[in-house]
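Each chain is listed here by its residues.
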Amino acid sequence: MPARQSPSHQLNAKRLTFRGAASTETSCQSVGTDEPETSVPHKTSLPEGIRPGTVLKIRGVVPEKASRFHVNLLCSEEEGADAALHFNPRLDTAEVVFNSKQRGSWGTEERGSGVPFQRGVPFEVLLIATDEGFKTVVGDSQYHHFRHRIPTELVRLVEVGGDVQLESVKIF
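As the structure is a prediction and not an experimental result, all values here were calculated from the model. (Residues numbered from 1 in each chain as written. Predicted model: local features only at pLDDT ≥ 70, side-chain atom pairs only at ≥ 80, totals over all residues. Heavy atoms only, no water.)

**Quick word on the overall build of the protein chain**
Of the regular secondary structure elements, the protein chain holds 0 helices and 14 strands. Its helices and strands in sequence order give the protein chain the pattern β-β-β-β-β-β-β-β-β-β-β-β-β-β, from N to C terminus. By residue count, 44% of the 172 residues in the protein chain fall in the buried class. Long-range contacts, defined as pairs at least 24 residues apart, comprise 60% of the intrachain contacts of the protein chain with a sequence gap of at least 6. Accessible surface, the protein chain as shown: approximately 9000 Å² in total, 47% of it carbon and sulfur. (Helix = DSSP H or I, 4+ residues; strand = E, 2+ residues; numbered from the N terminus. Buried < 20%, exposed > 50% of the residue type's maximum accessible area, 1.4 Å probe, protein only. Contact = heavy atoms within 4.5 Å. Areas by Shrake-Rupley, 256 points an atom, 1.4 Å probe, with all protein chains shown as cover.)

**Some words on unusual backbone geometry**
The residue after Val-40, namely Pro-41, is reached through a cis peptide bond having omega 5 degrees. Looking at the element boundaries, Pro-41 is found in the loop between strand S2 (25-32) and strand S3 (42-45). A positive phi angle is found at Ala-94, which is not glycine, with a value near 55 degrees. The backbone of Arg-103 shows a phi angle near 50 degrees, a positive value even though the residue is not glycine. Relative to the helices and strands, Arg-103 is located in the loop between strand S7 (95-102) and strand S8 (105-106). Relative accessible area serves as the criterion here: at 74%, Arg-103 is assigned to the exposed category.

**Here's the deal with the pattern of salt bridges**
Applying the stated criterion across every chain, the model contains 8 salt bridges. A salt bridge links Arg-90 to Glu-109; its shortest N-O distance comes to 3.6 Å. Of this pair, Arg-90 sits in strand S6 (residues 83-90) while Glu-109 is found in the loop between S8 and strand S9 (110-111), placing the two residues 19 residues apart along the sequence. For Arg-90, a relative accessible area of 11% translates into the label buried. Given a relative accessible area of 35%, Glu-109 falls into the partly exposed group. With a shortest N-O distance of 3.3 Å, Arg-149 and Glu-110 are connected by a salt bridge. Remark: Glu-110 occurs in strand S9 and Arg-149 occurs in the loop between strand S12 (141-147) and strand S13 (157-162); sequence separation between them is 39 residues. Arg-149 gets classed as partly exposed once you look at its relative accessible area, which sits at 27%. Residue classification places Glu-110 among the partly exposed residues on the basis of a relative accessible area of 22%. What emerges from the salt-bridge pattern is a single network uniting Arg-90, Glu-95, Glu-109 and Arg-111. (Salt bridge = Lys/Arg side-chain N within 4 Å of Asp/Glu carboxyl O.)

Printed below as a string of structure tokens:
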């Protein structure tokens, strides 16, 4: 099943090559929408998976009456797929939950410190894949580091849903 997009939003994808300080090349995929708002739920296929160094940038606004929203890094597009990362800001209970799901069962929840989201306020979240886990940056501050429970190369889909006005999802 292809990634779902609303008809008024076109998905932009291109290959980029970066030269690092040691003259090594890293090939990355930049995927995202340049439209002012992206429909929710939003899904972007990642046929090559992700690897250490991959950055997911999610921008949006938390609506005034928001309860919860989520970003899932899923291992397939099938219902009930394993989740390498479940990032779940819960404004209704004033917490941010991190988890994974394997073979239909959720793991042990981890919670970030405080809630760096406010209703009615724009946000930017970076999910950075490292060798050890996913580093989460909200705004300009590191927020939480979630250790890998599922190998990142198995991730095939980014899903954003819940109470959020999504501006963009980009993968570098």
